[in-house]
Amino acid sequence: MPATTQLELRLASRMSRLGTETAFEVLNRARQLEKQGKEVIHLEIGEPDFDTPANVIEAGVSALHKGWTHYGPPAGLPDLRQTIADYVSSTRSVPVSSEEVVVVPGGKPIIFFTILALIDAGDEVIYPNPGFPIYESMINYSLGKAIPIPLREERDFSVDVKELASLITDRTKLIILNSPHNPTGGVLTRKDIFEVAEAIGDRNILILSDEIYSRLIYDGDHFSIMSVPGFKERTILLDGFSKTYAMTGWRLGYGVMPAPMAQVVAKLQTNATSCTATFSQMAAVAALREDQSAVDRMVAEFHRRRDVIVDGLRAIPGFQCARPKGAFYVFPNITRTGHSSRTLADMLLDEAGVACLAGTAFGEFGEGHLRFSYANSLENIEEALRRIKSLIAP
Ligand SMILES: Cc1ncc(COP(=O)(O)O)c(C=O)c1O
């Protein structure tokens, strides 16, 4: 065996199982093209292009001046945990107490900590595919068995309950739901959720319900599995401030779960980050308690853009596009262009200067689709549509 040198990086084998989020890679590639002088329209990254509401910024700045610059309790500041408990009680129509809330830096740590806390080698986790890539990454990292539930266009990207029932086994420990959904914008209706709950029945299975886009809905209402009688006790709700209040850089999210599980998640947080930035948490209290009109304005603007991008994509030969009910993504079917998702995404970036993601960035069942984020100005969306059209049908 050749001798190792001091400089050789000897990673733990678990690192080979960790995936990533392609959005950040495409963003880097787009930035490189921009450095070379190319003008790129960014429809790849999933963050609101709006500013954090002024009152929330004010609350954060004021907290810094008042000395909220130190460690806080791992599970979050008591005032914020109570504010979140009140908010979730009223939006999900179930009583929630502050001991059931853990505040973390962004929604992502709830995925990370939940899977680390629950999944042993061989435990099965059912997760949406296409879906947010971090689910599959974390299941594999924890040596769990990743069981995809395909979300299909013909069902408006909702869960096929019969298929779900057929995937549940004695080893199923966790089922991940995500509504409104990244990358398709699909929304599970109240009826869908009740059917999913019925398929799960009274088995000892936990549900990680990723509701980070819960306020970004254009048709219908948000409904959480947490609101189904008997399910609050088995649900880990993920929500946060990144999307609703355009606060991606503040790193603020939370989980709501049975109190014993909240203690475990807080312990992981103690090991990982100690706590969420305390001035961010003070801003979060203002975000939830104060005027919501900035959110209403942002949702109305996303609604307008959704219609423009859907209508525009439908007018491009080879593109078929469902009108999603939520989030800020469209997921057109591009099979009739004759290109694979990856090839077309690369062509759009290199030849048309439009950055988007291949459907396969969200799992194998995303083939045949592209994901465009419409978190960009109407003007840029319209220009992107013109560029795509002239590339596809010159
Ligand atoms: C479905 C889903 N869950 C969780 C997250 C993570 O959000 P955060 O930036 O708050 O960590 C994202 C972000 O894109 C997402 O799309």
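My aim in this report is to walk through the structure given alongside it, one point at a time. Keep in mind that this is a model prediction, so the values were computed, not measured. (Residues numbered from 1 in each chain as written. Predicted model: local features only at pLDDT ≥ 70, side-chain atom pairs only at ≥ 80, totals over all residues. Heavy atoms only, no water.)

Next up on the list: the sheet that holds strand 11 (residues 357-358). Strand order in this open sheet of 3 strands is 9-12-11, and the pairing throughout is antiparallel. At either margin of the open sheet sits one strand with a lone partner, and together these are strand 9 (329-330) and strand 11. Bridging between strand 9 and strand 12 (residues 370-373) involves 2 bridges; their strand directions are antiparallel. When the sheet's bridge partners are listed, Tyr 329 is paired in strand 12 with Ser 373. (Pairing = 2+ DSSP bridges. Helix = DSSP H or I, 4+ residues; strand = E, 2+ residues; numbered from the N terminus.)

Core analysis: the biggest nonpolar cluster contains 89 residues, and Phe 241, Leu 313 and Phe 372 have the highest contact counts within it. A total of 7 residues in this core trace back to one element, the largest contributor, which is helix 10 (residues 293-314). Those residues in contact with Leu 313 that lie beyond four places of it in its chain are Phe 319, Cys 321, Val 330, Pro 332, Phe 372, Leu 385 and Ile 388. Membership of the second largest hydrophobic core comes to 24 residues, among which are Ile 147, Val 159, Leu 164 and Val 196. (Core = buried A, V, L, I, M, F, W, Y, C linked by side-chain atoms within 4.5 Å. Buried < 20%, exposed > 50% of the residue type's maximum accessible area, 1.4 Å probe, protein only. Contact = heavy atoms within 4.5 Å.)

Okay, the pairing of strand 3 (residues 124-129) next. Taken across its 6 residues, strand 3 has 6 buried, putting it largely inside the fold. Side-chain alternation along strand 3 places Glu 124, Ile 126 and Pro 128 on one buried face and Val 125, Tyr 127 and Asn 129 on a second face that is also buried. By the bridge criterion, 6 bridges tie strand 3 to strand 4 (residues 145-150) in an arrangement that is parallel. Within strand 4, the residue paired with Glu 124 across the bridge is Lys 145. Bridge analysis of strand 3 against strand 5 (residues 172-178) gives 3 bridges, and the strand direction is parallel. Bridging across to strand 5, Ile 126 finds its partner in Ile 175.

For the ligand, the set of nearby residues contains 13 residues, the closest of which are Gly 107, Asp 210, Tyr 213, Ser 242 and Lys 243. A distance of 2.7 Å separates an oxygen atom of the ligand from a polar backbone atom of Gly 107. A distance of 2.7 Å separates an oxygen atom of the ligand from a polar side-chain atom of Lys 243. Compared with its free state, where it exposes 390 Å², the ligand has 94% of that area covered by protein. The residue inventory of the shell around the ligand, partitioned by class, reads 4 nonpolar, 5 polar and 4 charged. (Near = heavy atom within 4 Å. Polar contact = N/O pair within 3.5 Å; in protein donor to acceptor, adjacent residues only side chain to side chain. Areas by Shrake-Rupley, 256 points an atom, 1.4 Å probe, with all protein chains shown as cover. Nonpolar A, V, L, I, M, F, W, Y, C, P; charged D, E, K, R; others polar.)

Taken N-terminus to C-terminus, the directions of helix 3 (residues 78-92) and helix 9 (residues 278-289) make an angle of 25 degrees; their axes are 9 Å apart at the nearest point. In terms of their interaxial angle, helix 3 and helix 9 are classed as roughly parallel. The two elements helix 3 and helix 9 meet at a crossing, and its hand is left-handed. Contacts between helix 3 and helix 9 involve Asp 79, Leu 80, Thr 83, Ile 84 and Tyr 87 on the former and, on the latter, Gln 281, Ala 284, Val 285, Leu 288 and Arg 289. A per-class count over the contact of helix 3 with helix 9 returns 6 nonpolar, 2 polar and 2 charged. (Axes fitted to C-alpha atoms, helices over the stretch in contact; angles between N-to-C directions. Parallel < 35°, antiparallel > 145°, perpendicular 65-115°, else oblique. Left-handed = near helix turned anticlockwise from the far one by under 90°.)

Attention now moves to a nonpolar patch on the surface. A contiguous nonpolar patch, built from Leu 9, Leu 11, Met 15 and Leu 18 and spanning about 400 Å² of accessible area, is present on the exposed surface. Residue placement: Leu 9 occurs in the segment before helix 1 (22-35). (Patch = residues over 30% accessible without salt bridge, like charges linked within 9 Å, V, L, I, M, F, W, Y side chains within 5 Å. Salt bridge = Lys/Arg side-chain N within 4 Å of Asp/Glu carboxyl O.)

Moving on, we come to the sheet that holds strand 3. Spatially, 7 strands are ordered 2-8-7-6-5-3-4 in an open sheet, and the strand pairing comes out mixed. The sheet is open, and its two edges are formed by strand 2 (101-104) and strand 4, each paired on a single side. Strand-to-strand twist across the sheet, computed as the mean angle between neighbouring axes with direction ignored, equals 20 degrees. Sheet analysis places strand 7 (residues 235-240) next to strand 8 (residues 253-256), joined by 4 bridges and oriented antiparallel. Across the sheet, the residue bridging to Leu 238 is Gly 255, located in strand 8.

Scanning the entire structure with this criterion turns up 25 salt bridges. The partner of Arg 171 in a salt bridge is Asp 123, with the nearest N and O atoms 3.1 Å apart. Of this pair, Arg 171 sits in the loop between helix 6 (161-167) and strand 5 while Asp 123 sits in the loop between helix 4 (108-118) and strand 3; the two residues are 48 residues apart in sequence, bridging distant segments of the chain. Overall, Arg 171 belongs to the partly exposed group, its relative accessible area being 42%. Using a relative accessible area of 7% as the deciding quantity, one classes Asp 123 as buried. The partner of Arg 342 in a salt bridge is Asp 346, with the nearest N and O atoms 3.5 Å apart. One end of the pair is Arg 342 and the other is Asp 346, both in helix 11 (residues 341-352) and 4 residues apart, which spans about a single turn.

Functional significance is not addressed by these values, which are geometric in nature.
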